[in-house]
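So you can see what is in the structure, the chains are spelled out below.
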Amino acid sequence: MGLDLADKSILDVSGEPGFFVKDASSVCKNVDVTSFADTVALAIREHLNIAAERYDFNSDNLEDIYKGKKFDFIFVRYAIGFCEDLVSFAQQCRALLTDTGVVYISFSPASRAICARWMYDDYTYLYQYTEKYLRDTFANEEFEKIAEFDEGRYPWNEEMS
């Protein structure tokens, strides 16, 4: 399933450094991106000429930041693990989506490998959600799953060739 972004309005949540929405801006009607840090949001605005706002999953509300705006797509690419209250986030998404809007979430499935791989990062995942919990939480907010992709397993404990 491909995504038709032509003439759509998209929000990329925690989409640093902004390259995804910069590329999408050539086909989309409107693109916005959030960043965890004010300085990164400023850099995105200044260097990429893309609308960027500071947003922390755990202390901010998308509805406050984007009052009166609606999006056709909300992308959360490998950032959902930083969200402590998935129910609240799903509700925020619902409030910002058009009637036919889509939330696209990519994530690293909960595992010891993810802990081992990211344990020395400056800002590590706060939660490791299972696919079932993500699916059930959004379903409870009246979202419907329209597609699923599995990019395979990462052989974290094997020699890389």
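Computed from a predicted model, the values in this text were never measured in an experiment.

(A) Molecular detail of the environment of Pro-17. Locating Pro-17 in the fold gives a position in the loop between β1 (9–13) and α1 (19–24). Judged by its relative accessible area of 44%, Pro-17 falls in the partly exposed class. The sequence separation of Pro-17 and Ala-41 amounts to 24 residues, and the corresponding C-alpha distance is 8.4 Å. Dropping the residues within four chain positions of it, Pro-17 is found in contact with Ile-44 and Leu-48.

(B) Layout of the sheet that holds β1. With parallel pairing, the five strands of this open sheet are ordered in space as β3-β2-β1-β4-β5. Strands at the two margins of the open sheet, each flanked by one partner only, are β3 (51–54) and β5 (97–106). Direction aside, the axes of adjacent strands within the sheet are offset by 20° on average. Two strands pair when backbone bridges link them, and strand β4 (residues 71–77) and β5 are joined in this way by six bridges, in the parallel orientation. Pairing of Arg-77 across the sheet is with Ser-106, part of β5.

(C) Region of the structure containing unusual backbone geometry. For the bond running from Glu-16 to Pro-17, omega is 5°, close enough to zero to count as cis. At Asp-7, a position not held by glycine, the phi torsion is positive, near 60°. Among the structural elements, Asp-7 can be located in the segment before β1. Take Asp-7: its relative accessible area is 60%, and that puts it in the exposed class.

(D) Just the side chain of Ser-35, in detail. Along the chain, the position of Ser-35 falls in strand β2 (residues 30–35). At a separation of 3.3 Å, a polar atom in the side chain of Ser-35 contacts the side chain of Glu-16. Residues within four places of Ser-35 in sequence aside, it is in contact with Glu-16, Val-40, Ala-41, Glu-53, Arg-54 and Tyr-55.

(E) Examining helix α6 (residues 131–140) more closely. Of all the positions in α6, only Leu-134, Thr-137 and Phe-138 are classed as buried. Angularly, the buried residues of α6 cover 90° about the axis, an arc narrow enough to put them on a single face. Residues Lys-132 and Asn-140 are exposed on α6 and point more than 90 degrees away from its buried face. Directly after α6, the chain includes Glu-142, whose backbone phi takes a positive value near 70°.

Calculation criteria
Residues numbered from 1 in each chain as written. Predicted model: local features only at pLDDT ≥ 70, side-chain atom pairs only at ≥ 80, totals over all residues. Heavy atoms only, no water. Helix = DSSP H or I, 4+ residues; strand = E, 2+ residues; numbered from the N terminus. Buried < 20%, exposed > 50% of the residue type's maximum accessible area, 1.4 Å probe, protein only. Contact = heavy atoms within 4.5 Å. Pairing = 2+ DSSP bridges. Axes fitted to C-alpha atoms, helices over the stretch in contact; angles between N-to-C directions. Polar contact = N/O pair within 3.5 Å; in protein donor to acceptor, adjacent residues only side chain to side chain. Arc of directions from axis to C-beta.

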